[in-house]
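# Examination of the molecular architecture
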Amino acid sequence: MRQLLLKTQIVDVTLRDGGYRNNFAFSPEYAVEHVQRLYEAGVDYVEVGYRNGSVLPIENIGMTGLCTAQYLALLHEAAPHLKLVVIAHVKNIKASDVRELADCGVNLLRLCVNSNLDETLSMAEVAKSCGMNVSLNIVRVSSIGTEQLEQMVSKIEAHKKLLDVVYLADSNGNLNPAHLARLMATVRNGTTLRIGYHAHDNIGLAMANTITAIRQGATYVDASLLGMGKGIGNLRLEQWIAYCRSEGFEKYSLESVLRAIKRLRSDPMFVQEDHEYEVDMLCGSLNLPFTERKGVVERLSTQSAKHVEEASAPALSFSGYGAPSLVGRLGS
Amino acid sequence: MSEPWLLLGDGEAARAVILGPVSPSFDDGAFCSVLSDALVGRGFGVLIVDTPAIVESLASARGLAHVVEGLAERLRGPASGASLLAGYALGGTLAVKLARYLPQVPRILSISGPGFVDAALRRGLAPLMSALEAGQLGHALRLLAESVAPLGQAPGAQHRDAFGSESGLGELAVRRMLAGFRLLFELDARAEAASYEGELLGLVGELSQLATAENQAFTPGPHRRLVSVPGAGMRVLRDDPEFAMRAIEAWLET
């Protein structure tokens, strides 16, 4: 396993995925300290936010939901050798946004993709022409069938000169190792691009799935401090680094990450969100995207979990963005 | 000197290589004499490398991004068969970086070598870089002496770099130092340290202002030993040569 881990890179997603818990309202002071501390911990990439918002409009979205040039310049100055990552939904950005990200020193642009592959590839071409590394993040991958994934990967492979990485993002937190291994095989057999994995821990499998992804050929791993991310959250960065050390891979400083955790916990914008734990568990178990949370919340308030499961059964075949209504908190 | 290095001891091949720190001129190995003497006493041929001379030459010819690769090429001949690759300050960082290119070397010793440039080191070196970029060599050397002395202590003779005022040499000194520090700002040796299969020893001064336990390329563990030299600054071999050499000798015996 150590030999496999030696090839892997960590992408911290705290400022981005963690933003779902605080309306993306991390302070500039925190963001600066965050990138410095994670660089010192040896983390390879830090994703610093969304460009121009998430998949759905969010009222009064904060700094890490917009990634303005001013914000990026601040971070670049604070940690000049850190590889900064920005993620975007193509519907939210124009070519001029991509060029500005490149001018601000963003190393890796990640583009969310699900059913909008053609327009996403067009934007990838812009990013590549600006000299950026480009990743296609296939979101809600647990809802994509094998045949559909094969078709996507085939098209991605045909455009591989525009790309560096293809990600499987378990946005719903639904995958188990066996399912993930099948998806990984499909991607690995269809493309020579590097592969990344983004875990959500809704059913407690973020660590197991990430280890599976590495064994199946992934070389990019997403994680966040304390797992701070949408819903139950992501793979915990500190646990992943501790795991790496247990396998004899000691590139990362656990001590530095633990100091970063202490700083995060003391920040007023840190949100240890667990008051909707039951909803997130069910969403993960039922493979429901965040857009279905409203219904789950309502049903949970009046029915037993078994009834919720029965009532939500059709959503298992969910494949689009669905209704944009949100209840309780923000999500992606 | 036709080559930017010095070979000490018997034997045609060096069994130990010591990469020097950023300095205005090569001091013929005085910076590490306590170490090189000990290694020669053990029967090692010791190659002491004027690192800034090679770095400056490679940076001018190929650009900073290719310096490490170029250095590996330059050393591949003289360092073939070496059983110890050591370095001081920038040289220590480079010794770890070279692990990728010289994987057969079973031991790497980094003396006050930052593994990467953290925020504290960047702040510490900023005034020095500004002075060098302004061509103020005298001021830069004073700042360097203050930076390598233990925290809170005035620099002594062992922290100052002797440098004459011969015509033309000042410009060369500035070029050497600028190239060396600019390279240091680009280096991150953590991946190389993680993949290195041999024995690693890092020495840092307890009161060092630049290379610290926090910015090393590795954390202590099996095959990775990090020793803090009590009361020392960057120049551990001069601030406390007995302690530093005891640590090195003990490590060489393992």
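Along each chain, residues carry numbers from 1 onward, in the same order as the chain's sequence is written. Just so you know, chain letters begin at A and ligand numbers begin at 1, following the order they were written in. For a predicted model such as this one, the threshold for reporting local features is a pLDDT of at least 70, and the threshold for listing and counting side-chain atom pairs is 80 or more; totals across whole chains, interfaces and linings nevertheless cover every residue. In computing side-chain values, all of the structure's heavy atoms are included and hydrogens and water are not.

## So, the overall build of chain A
Just so we agree on the cut-off: In DSSP terms, a helix is any run of H or I states spanning at least four residues, a strand is any run of E spanning at least two, and both are numbered starting from the N terminus. Radius of gyration: C-alpha atoms only; globule rule: 2.2 Å multiplied by the number of residues to the exponent 0.38. Exposure classes here rest on a 1.4 Å probe applied to the protein chains alone. A residue is buried below 20% of its type maximum, exposed above 50%, and partly exposed in between. Contacts between residues were defined by any pair of non-hydrogen atoms, one from each residue, lying within 4.5 Å. We get accessible surface area from the Shrake-Rupley algorithm with a probe of 1.4 Å; when it comes to residues, only the shown protein chains can shield them. A residue counts as positive if it is Lys or Arg and as negative if it is Asp or Glu; His and the chain ends are not included. All charge positions are set by atom: Lys at NZ, Arg at CZ, Asp at CG, Glu at CD.
Scanning chain A from terminus to terminus reveals 14 helices and 8 strands. What you see for chain A is a C-alpha radius of gyration of 18 Å, in line with the 20 Å of a compact globule of 332 residues. Across its three principal directions, the C-alpha atoms of chain A cover 55 × 45 × 45 Å. Within chain A, the fraction of its 332 residues that count as buried is 60%. Long-range pairs, those at least 24 residues apart, make up 76% of the contacts in chain A between residues at least 6 apart in sequence. Carbon and sulfur atoms make up 50% of the accessible area of chain A, which amounts to about 12400 Å² in all. For chain A, the separation between the mean place of its 33 positive charges and that of its 36 negative charges on side chains is 4 Å.

## Looking at the interface of chain B and chain A
The criterion, for reference: Buried surface area refers to the total accessible area, computed with a probe of radius 1.4 Å, that the two partners give up upon joining, counted for both partners together. Counted as salt bridges are all cases of a side-chain nitrogen of Lys or Arg within 4 Å of a carboxyl oxygen of Asp or Glu. What qualifies as a polar contact is a pair of N or O atoms within 3.5 Å, subject to a donor-acceptor requirement within protein and to the restriction that residues adjacent in sequence count only when both atoms come from side chains. Only Asp, Glu, Lys and Arg are considered charged, only Ala, Val, Leu, Ile, Met, Phe, Trp, Tyr, Cys and Pro nonpolar, and every remaining residue, Gly among them, polar.
At the junction of the two partners, chain B supplies 20 residues and chain A supplies 20 residues. Interface area for chain B against chain A, summed over the two sides, is near 1400 Å², with a carbon-plus-sulfur share of 45%. The tally of links between chain B and chain A comes to 1 salt bridge. The closest approach of N and O atoms between Glu-197 of chain B and Arg-2 of chain A, which form a salt bridge, is 3.1 Å. Remark: the boundary between chain B and chain A carries 9 residue pairs in polar contact (both at pLDDT 80 or more). Of all the elements in the fold, those that place two or more residues in the side of chain B that touches chain A are helix H5 (119-133), helix H7 (169-186) and helix H8 (190-195) of chain B. By residue number, the principal contributor to the side of chain B that touches chain A is H8 of chain B, which donates 4 residues. Residue composition of the side of chain B that touches chain A, grouped by class: 9 nonpolar, 3 polar and 8 charged.

## Thoughts on the packing of H5 of chain B against helix H6 (residues 137-148) of chain B
All names here are of chain B. Our working definition: To obtain each axis, a line is fitted to C-alpha atoms, and for helices this fit is confined to the stretch in contact; angles are then taken between N-to-C directions over 0 to 180 degrees. Reported orientations rely on four angle classes, namely roughly parallel under 35 degrees, roughly antiparallel over 145, roughly perpendicular from 65 to 115, and oblique for the rest. Crossing handedness: left-handed means the near helix sits turned counterclockwise from the far one by under a right angle, and right-handed means the same turn made clockwise.
In the contact formed by H5 and H6, the axes pass within 8 Å of each other and the chain directions differ by 165 degrees. With respect to H6, the element H5 is oriented roughly antiparallel. In this structure, the crossing between H5 and H6 has a hand that is left-handed. Of the residues in H6, those in contact with Gly-124, Pro-127, Leu-128, Ala-131 and Leu-132 of H5 are His-139, Ala-140, Leu-143, Leu-144 and Ser-147.

## Section: the sheet that holds strand S7 (residues 194-198) of chain A
All names here are of chain A. Quick reminder of the rule: Two strands make a pair as long as DSSP finds a minimum of two bridges between them.
Taken together, the 8 strands give a closed barrel; going around it, the order is S1-S2-S3-S4-S5-S6-S7-S8, and neighbouring strands pair in parallel fashion. Neighbour-to-neighbour, the strand axes of this sheet turn through a mean angle of 25 degrees, independent of strand direction. Taken together, the 4 bridges between strand S1 (residues 9-12) and strand S8 (residues 220-223) define a ladder with parallel strand orientation. Counted as the bridge partner of Val-11 is Asp-222 from S8. Packed onto the sheet, helix H4 (residues 69-78) meets strand S2 (45-50), strand S3 (83-89) and strand S4 (106-113) and runs at close to 155 degrees relative to S3. Along the sheet face, helix H8 (residues 177-190) touches strand S6 (165-169) and S7 and points at about 160 degrees away from the line of S6.

## Concerning the side chain of Arg-263 of chain A
All names here are of chain A. One can find Arg-263 in helix H11 (residues 254-265). On the basis of relative accessible area, Arg-263 is assigned to the buried category, the value being 18%. A distance of 3.1 Å separates a polar atom in the side chain of Arg-263 from a polar atom in the side chain of Asp-267. Excluding residues within four positions of it along the chain, Arg-263 makes contact with Tyr-30, Glu-33 and Arg-37.

## Describing the pairing of strand S5 (residues 133-138) of chain A
All names here are of chain A. Under the convention used in this document: With the strands aimed away from the viewer, a crossover counts as right-handed if its path from the first strand over the helix to the second runs clockwise.
Within S5, 5 of the 6 residues are buried, which leaves it mostly tucked inside the rest of the structure. Note: S4 against S5, 6 bridges, orientation parallel. Residue pairing for S5: Leu-111 is matched across the bridge by Leu-136. With 4 bridges connecting them, S5 and S6 associate as parallel partners. Opposite Ile-138, over in S6, you have Leu-168 as the bridge partner. Running through helix H7 (residues 146-158), the crossover from S5 to the neighbouring parallel element S6 is right-handed.

## Looking at helix H12 (residues 277-286) of chain A
Restricting attention to buried positions, one finds in H12 of chain A the residues Val-279, Asp-280, Leu-282, Cys-283, Gly-284 and Leu-286 of chain A. At the C-terminal side of H12 of chain A, Asn-287 of chain A shows a positive phi close to 60 degrees.

## Here we look at the side chain of Arg-110 of chain A
All names here are of chain A. Inspection of the secondary structure puts Arg-110 in strand S4. Owing to a relative accessible area of 0%, Arg-110 belongs among the buried residues under this scheme. A polar atom in the side chain of Arg-110 sits 3.2 Å from the side chain of Tyr-167. Setting aside residues up to four positions removed in sequence, Arg-110 forms contacts with Val-11, Val-13, Arg-16, Glu-47, Val-85, Val-86, Ile-87, Ala-88, Ser-135, Asn-137, Tyr-167 and Asp-222.

## Let's talk about the sheet that holds strand S6 (residues 199-205) of chain B
Remark on secondary structure: sheet strands pair via backbone hydrogen bonds, oriented parallel or antiparallel. Residue and element names in this part refer to chain B. Taken in spatial order, the 7 strands make up an open sheet running S1-S3-S2-S4-S5-S6-S7, and their pairing is mixed. This sheet does not close on itself; its edge strands, each paired only once, are strand S1 (5-8) and strand S7 (224-229). Looking at each pair of strands side by side, their axes are set apart by 15 degrees on average, direction ignored. Two strands pair when backbone bridges link them, and S1 and strand S3 (residues 46-49) are joined in this way by 4 bridges, in the antiparallel orientation. Bridging from a neighbouring strand, Leu-7 pairs with Leu-47 of S3. The sheet contacts of helix H4 (residues 90-97) involve strand S2 (16-19), strand S4 (84-88), strand S5 (107-111) and S6, and relative to S4 the element is tilted by about 145 degrees.

## A closer look at the environment of Val-32 of chain A
Residue and element names in this part refer to chain A. Residue placement: Val-32 occurs in helix H3 (residues 28-41). Expressed as a C-alpha distance, the spacing of Val-32 and His-76, which sit 44 residues apart in the sequence, is 9.0 Å. The contacts of Val-32, once residues within four sequence positions are left out, are Leu-74, Leu-75 and Ala-78.

## Let's talk about the environment of Arg-76 of chain B
Residues and elements named next belong to chain B. When you line up the elements, Arg-76 lands in helix H3 (residues 67-76). Between the C-alpha atom of Arg-76 and that of Leu-144, which follows or precedes it by 68 residues, the distance is 31 Å. Once residues within four sequence positions are removed from consideration, Arg-76 is found in contact with Tyr-101 and Leu-102.

## Observations concerning the packing of aromatic side chains
Applicable threshold: Stacked, edge-to-face and tilted labels apply to pairs of Phe, Tyr and Trp rings (six-membered ring for Trp) whose centres lie within 6.5 Å, assigned for plane angles under 30 degrees, over 60, and everything in between, in that order.
Taken as a whole and assessed by the stated rule, the structure comprises 10 aromatic pairs over all chains. With centroids separated by 6.0 Å and ring planes inclined at 80 degrees, the aromatic side chains of Tyr-20 of chain A and Tyr-50 of chain A adopt a geometry described as edge-to-face. Pair noted here: Tyr-20 of chain A is in the loop between helix H2 (14-17) and H3 and Tyr-50 of chain A is in strand S2, with a separation of 30 residues, a long-range link. For the pair Tyr-20 of chain A and Tyr-50 of chain A, a shared accessibility class is recorded, and that class is buried. When the centroid spacing of 5.5 Å and the interplanar angle of 85 degrees are considered together, the rings of Tyr-39 of chain A and Phe-116 of chain B count as edge-to-face. One end of the pair, Tyr-39 of chain A, is in helix H3; the other, Phe-116 of chain B, is in the loop between S5 and H5, on a second chain. The exposure class of Phe-116 of chain B is buried, given its relative accessible area of 1%. An aromatic cluster is present here, built from Tyr-20, Phe-24 and Tyr-50 of chain A joined pairwise through their rings.

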